[in-house]
2 protein chains.
Amino acid sequence: MTDTLKVTKISKSKIDQVDFSNLAFGTVFTDHMFVCEYKNGAWQTPEILPYGPLQMDPSAKVFHYGQAVFEGMKAYKDDNGDVFMFRPEENFNRINKSSERLAMPAFDKAYFFDGLNTLLNLDKDWIKPGESNSLYIRPFVIATENGVSASPATEYKFIIICAPAQAYYSGEVRVLFADHYSRSADGGVGFAKAAGNYAAQFYPTELAKEKGYNQVVWTDANTHEYLEEAGTMNVFFRVNDTLLTAPTNDRILDGITRKSLIELAKSQGINVEVRPVRVSEIVEAAENGSLKEMFGAGTAAVISPISGFTHKDKQFDLPKPEDAYSTKLKKQLTELQANRAEDPFGWRYEVPVLEV
Amino acid sequence: MTDTLKVTKISKSKIDQVDFSNLAFGTVFTDHMFVCEYKNGAWQTPEILPYGPLQMDPSAKVFHYGQAVFEGMKAYKDDNGDVFMFRPEENFNRINKSSERLAMPAFDKAYFFDGLNTLLNLDKDWIKPGESNSLYIRPFVIATENGVSASPATEYKFIIICAPAQAYYSGEVRVLFADHYSRSADGGVGFAKAAGNYAAQFYPTELAKEKGYNQVVWTDANTHEYLEEAGTMNVFFRVNDTLLTAPTNDRILDGITRKSLIELAKSQGINVEVRPVRVSEIVEAAENGSLKEMFGAGTAAVISPISGFTHKDKQFDLPKPEDAYSTKLKKQLTELQANRAEDPFGWRYEVPVLEV
Ligand SMILES: Cc1ncc(COP(=O)(O)O)c(C=O)c1O
Ligand SMILES: Cc1ncc(COP(=O)(O)O)c(C=O)c1O
């Protein structure tokens, strides 16, 4: 902990009021939060405070112009009580990339790791060991400057809040391939974890849900001929024994789960092709039986197998293969993340034990 | 005023502390604000309250997923002290259109007009008569539900705040035609006044400003061959004596100033063509001298004449015509708005005088 971090502890934990066997995702938060203010051109002394409301002027720019970016990470506890994160530097780098695209200031790396490590030490009782438990970590940055002129704010808050989470079982996931609405434009902000990207997906996703689909798989806005990603997951396709996934670009989020799975699969001798994936080839593969699997990849669910898809009113069901890549890769990745398996890649980050 | 509007007045106005001859746009707000909460599937009793901060949980969805839409309107006072708005129903309809696209609930028309009229009566001393004065009105809706799961919120606030404004003199406006970054995708949210659309423009606009331009004129994301609109203005081109402007679509905001100017110009016998405008034809017209004017149109500045543009490093200066359409149309529109001229179109809305 640097001497620049100011810590104010809660007087009494609210942990006893929480039923850890029955948690709705992202609705219960831990005792503390991390807050760092940006003003006068610099990040001020970061603080850890009791979790609680923010006072915001109604003219704060985040409400009007959407300057807001975020990250999603997880911490795991092993049976010894040690706490681990998965490639947290990637999240740190990505939030700064997102911020840059929205004309927001980059955050300080030492502040981020000191703050996060201290927060996880303070709230470590909220992280439960065991396969189905983790702590979901949500860093985010919002424009707090007052005033409704349409220009980048000069004041921000970088905040980290944490929510205990259980394994995310999504049931049968059926998806709709987008052929009218779209998620992002060339030259736009699709690659950033910008708040506005998510609100923009809600309406078309609700329309898809009304028709019985769980998610939309977005296609390129120009032609709707190439498959890009889902709302909060990148997407993989297994055709025969080859795994396909789209390359990232300025429309697609560079997912940490995605890039880890690519490496993990390759290290197992699975043939992985990172290249534009045509809707037509996936439809054809589904028709001729060579499409064996489809799955989403992201921090929340790690891997979400997809049981079927619809394209222009044509429905396709996927087989349930015995040796699914999705099952195998998910098990390997989650064991690695939670310190139940070796980590040949150096992806695991052990949270230091601090006097707090 | 309906009996469903709850009014809590300030005890002492802060108007004496305000220098009305020296107002930065959108930084000083009037004494009161309008707030209406949405929960349990319905808008609750609307309230007028002293202007002041909102208490927001750090997990409020607006901070994470950008569910936020807004409007921009103006009120004017004539020399008799009567107060007018310009086509306010258009703003009301548009905010609901924006909300729908972001999976947010439509607001109630009676609540909107009762609230707004009462607010303008309460804060009418903040509206100064005279050509250079107006009151900028900012209705907005934000998702206030707590929780970081990526789905539409079930709780919102509809808020109206007001800021006294002076005539907006922007000086020489030079613009850059976008050829890499873009503002919105086909099938996206560009037509909505969604908060996230504005943050997405800040970075490319800052890059343009560093090169000496004031604004970016966005082109279509697919080809960058068609001119669409500027950051907060629609755009008109005068080639010889014809006014050109792009048709609206799902990428372009359906501006109220734009559509009023089209009607106004037509009523004066000016030839107006609403059709896709190619970058190449505007470059050619600039080269052969037939491009006489270019201007932005929006509520804040009404009409902003553009003195030059750059496309792919080629700079073009525009002439300063004697009988500029921009000067003539701006004068006609502002006189009509402020009740200093006839209103053959029925656009003016007189704010009723209420006992408040
Ligand atoms: C749009 C989008 N794509 C993909 C992902 C997956 O990224 P990661 O694996 O880093 O969690 C996420 C979310 O986390 C996302 O929001
Ligand atoms: C993106 C955009 N285009 C155009 C306009 C002009 O619209 P209006 O004339 O209704 O103010 C605005 C703003 O007000 C805007 O935000």
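On a predicted model such as this, the values are computed, not experimentally measured, just so you know.

A short note on the relation of the copies chain A and chain B
Inference 1: Its rotation angle being 180 degrees, the transformation that places chain A on chain B also includes 0.0 Å of axial translation and leaves an RMSD of 0.0 Å. On the angle and the small slide along the axis, the relation comes out as a two-fold axis.
Inference 2: Interface overlap between copies: 100% of the residues of chain A at the interface are likewise at the interface in chain B, consistent with a symmetric, same-surface contact.

Observations concerning the site of ligand 1
All names here are of chain A.
Inference 1: Not every one of the 16 residues close to ligand 1 is listed here, only the nearest: Tyr198, Glu229, Ile256, Thr257 and Thr299.
Inference 2: A distance of 2.5 Å is found between a nitrogen atom of ligand 1 and a side-chain nitrogen or oxygen belonging to Glu229.
Inference 3: Out of a free accessible area of 380 Å², ligand 1 has 97% covered by protein chains.
Inference 4: Class assignment for the residues of the shell around ligand 1 results in five nonpolar, seven polar and four charged.

So, the domain arrangement of chain A
All names here are of chain A.
Inference 1: Taken as a whole, chain A is organised into domain 1 (6–167) and domain 2 (173–321).
Inference 2: Carbon and sulfur atoms make up 61% of the area that domain 1 and domain 2 hide from each other, which totals about 1,500 Å².
Inference 3: Its largest share of buried area at the contact with domain 2, domain 1 owes to Phe70, Arg94 and Arg101, together 38% of the area lost on that side.
Inference 4: Taken together, the links from domain 1 to domain 2 amount to one salt bridge.
Inference 5: We note a salt bridge from Lys259 to Glu90, for which the minimum N-O separation is 2.9 Å.
Inference 6: Summed over the shared surface of domain 1 and domain 2, the number is 10 residue pairs in polar contact (both at pLDDT 80 or more).

Quick look at the interface of chain A and chain B
Inference 1: The partner chain B presents 57 residues to the 57 residues of chain A that form the contact.
Inference 2: Of the roughly 4,800 Å² buried between chain A and chain B, counting both surfaces, carbon and sulfur atoms make up 65%.
Inference 3: One can count zero salt bridges joining chain A with chain B.
Inference 4: Where chain A meets chain B, there are 18 residue pairs in polar contact (both at pLDDT 80 or more).
Inference 5: Taken together, the elements giving at least two residues each to the side of chain A that touches chain B come down to β5 (54–56), α1 (61–65), β6 (68–70), α2 (88–101), β9 (133–143) and α4 (195–210) of chain A.
Inference 6: The dominant element in the side of chain A that touches chain B, judged by the number of residues it contributes, is α4(A), at nine residues.
Inference 7: Split into classes, the residues belonging to the side of chain A that touches chain B amount to 33 nonpolar, 18 polar and six charged.
Inference 8: Where β5(A) and strand β5 (residues 54–56) of chain B come together, three bridges link them in antiparallel fashion. Within β5(B), the position partnered with Gln55(A) by the bridge is Gln55(B).

How each quantity is defined
- Residues numbered from 1 in each chain as written.
- Chains lettered and ligands numbered in written order.
- Predicted model: local features only at pLDDT ≥ 70, side-chain atom pairs only at ≥ 80, totals over all residues.
- Heavy atoms only, no water.
- Least-squares fit on C-alpha atoms with pLDDT ≥ 70 in both.
- Contact = heavy atoms within 4.5 Å.
- Near = heavy atom within 4 Å.
- Polar contact = N/O pair within 3.5 Å; in protein donor to acceptor, adjacent residues only side chain to side chain.
- Areas by Shrake-Rupley, 256 points an atom, 1.4 Å probe, with all protein chains shown as cover.
- Nonpolar A, V, L, I, M, F, W, Y, C, P; charged D, E, K, R; others polar.
- Domains from an automatic or database assignment.
- Buried area = accessible area lost by both parts, 1.4 Å probe.
- Salt bridge = Lys/Arg side-chain N within 4 Å of Asp/Glu carboxyl O.
- Helix = DSSP H or I, 4+ residues; strand = E, 2+ residues; numbered from the N terminus.
- Pairing = 2+ DSSP bridges.

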